[in-house]
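Residue-level structural notes
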Amino acid sequence: MGTDSPVITTATPDQLGRKVHDLRLSVTDRCNFRCTYCMPKEIFGHAHPFLPKSEILTFEEMVRISRIFVGLGVGKIRVTGGEPLLRRDLPKLIEMLMAIEGLQDLALTTNGSALASLARPLRQAGLKRITVSLDALDDTVFRAMNDVDFPVERVLAGMEAALDAGFAVIKVNMVVKRGVNEHEILPMARRFSGPQYILRFIEFMDVGNTNRWLMNEVVTASQIIDILHQEFPLESLPATYSGEVARRFRHADGGGEIGIISSVTQPFCSQCSRARVSAEGRLYTCLFASQGHDLRALLRQEPDDAKIAGVISQIWAARNDRYSELRSETTQHAPKVEMSRMGG
Ligand code: SAM
Ligand code: SF4
Ligand code: SF4
C-alpha cells in the first residue's frame, strides 16, 4: 500500500496450524451507544472506569504494532473499538496505516453515528472499506437496542454520506436477538438488497460476561435463512478467502449479497486467523479470551521491532483457542474480557 516498510519475520502457525492473517485494532474502549448485547448500561454507567489517555496507545504506537503484524503475515487490518469514530483525528490514523507497505486491506467497523461528518475525511485519508452496524430500521426497535435513544435516520444519513463520499460498497452488520429484532430481518434485506450493500446477519454471541446471553435468544443461522427464504430466493456463493467468517449468499434475481455469521451454531475456529490488539495495547488471540498479553510495555521499552515481532510470534505459536467449538454451559460463565474493551 505505502512506503513504511515492515520488519519481515513471518510468524509460525499456531498449535492448530492457523496462520495470523487478520488484525483487529481497537482505537478506543469508549462508545456513545449502550447496545444491550455489548455494553449494557447498568454496567457501563457514568461511573464505569474507561481507560485514561495515558494507557491508550498513541497513533505512532498503533502504526508500529500494525507494521510489525504485517511483517508477521497480516494482510488485513480492521479498525474497531468501542466506537472508533470517537477517537480524535481518526482520519489521520487511517492515513498513517494506509502507508504501511505490504498491507493489502484496511477496513473500519462503526456504529455510524458520526459518519455523516466523518465519511468524507475518512475516504480522503484513503479508507475504501467500511462496515456499519445497524440492528433495525424501525426507529423504536433501533433506539431500544442502542439504549441511548439514538435515531435510526442519523445512521442512515451517515451511510448515505459514505456512499456520496465514494465508498463503493457498505457492509451492514445486524446482530439478531430473538424477541427483539428478528422481525426486522426482512425489512433490512429489502432495504439493503442493492449492489452498494452487503448485509450480514450475526448470531447473538456470549461475548464478555455482562450481556446476559442465553442460547434461546440466539436466532440461528438456519432460522435466519428460513426467514429470508420466505421472500428472497438466495444462491450460495463460495468463500472469497480461507478464514472468511461469513457464509455468503446472493439474491437469485441478481441483487446484492447477504452474509451470515454463525459463530454460535456453526463455529469456524479451525479457520480463525485473527489477532486482536486492544486500545491499551493488549494482544488477544480469541474473542472469548479471559486474558491478553501486554504489548504496550514492550512498545514503550523495546526499540527493536524485530524483538517485539519475536514475542508476538511466540504468543501466536502457543495459541490453541477454539472457544466456539467448545462452547458449553461451563465455558459460557468463564471470565471473559468485554468485547468493547478488547475490540470487536
Ligand atoms: N462500535 C462499533 C460497531 O458497533 O460497529 C465497533 C465495535 S462493535 C464491538 C463490533 C461489532 O460487534 C458490531 O457489529 C456489533 O454489532 C458486534 N457485536 C457486539 N456485541 C455482540 C454480541 N453479543 N453478539 C454478536 N455481535 C456483537
Ligand atoms: Fe458500542 Fe459497537 Fe458495542 Fe454497540 S456494539 S455498544 S456501538 S461498541
Ligand atoms: Fe476465533 Fe476464538 Fe472465535 Fe474460535 S472462538 S473463531 S478461535 S475468535
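Our structure is the block above this text.
These lines cover the structure that appears in this document, whether it is placed above or below. (Residues numbered from 1 in each chain as written. Chains lettered and ligands numbered in written order. Predicted model: local features only at pLDDT ≥ 70, side-chain atom pairs only at ≥ 80, totals over all residues. Heavy atoms only, no water.)

Right, let's get into the layout of surface pockets. Size it by volume and the second largest pocket reaches roughly 370 Å³. Considering the residues around the second largest pocket, the lining is formed by 15 residues, among which V27, K53, I56, R87 and R88 are closest to the centre. Of the residues assigned to the lining of the second largest pocket, the class counts are seven nonpolar, two polar and six charged. (1 Å grid on protein atoms, 1.4 Å probe; cavity = no way out; pocket = protein on both sides within 12 Å on 5 of 7 lines; lining within 4 Å. Points joined across faces, edges and corners; volume = space filled by probe spheres on them. Nonpolar A, V, L, I, M, F, W, Y, C, P; charged D, E, K, R; others polar.)

Okay, empty space enclosed by the protein next. Under the counting rule described, the total for this entry stands at one cavity of 30 Å³ or more. The space that makes up the largest cavity amounts to roughly 30 Å³. D22, L23, R24, K76, R78 and R274 are the residues that line the largest cavity. Tallying contributions element by element places strand 1 (residues 22–26) first for the lining of the largest cavity, with three residues. In terms of residue class, the lining of the largest cavity is made up of one nonpolar, no polar and five charged. (Helix = DSSP H or I, 4+ residues; strand = E, 2+ residues; numbered from the N terminus.)

What follows deals with the pairing of strand 6 (residues 197–203). Among the seven residues that make up strand 6, seven are buried, leaving the element largely enclosed by the rest of the structure. The alternating pattern of strand 6 places Y197, L199, F201 and E203 and I198, R200 and I202 on opposite faces, both of which are buried. Two elements, strand 5 (residues 170–176) and strand 6, share seven bridges in a ladder whose sense is parallel. Across the sheet, residue V175 finds its bridge partner in strand 6, namely I202. Since strand 5 and strand 6 lie parallel, the crossover through helix 6 (residues 185–191) that links them has a hand, and here it is right-handed. Looking at chain direction, strand 6 and strand 9 (residues 257–261) are connected through five bridges and run parallel. Its bridge partner lying in strand 9, R200 is registered against G259. (Buried < 20%, exposed > 50% of the residue type's maximum accessible area, 1.4 Å probe, protein only. Pairing = 2+ DSSP bridges. Right-handed = clockwise from strand over helix to strand, strands pointing away.)

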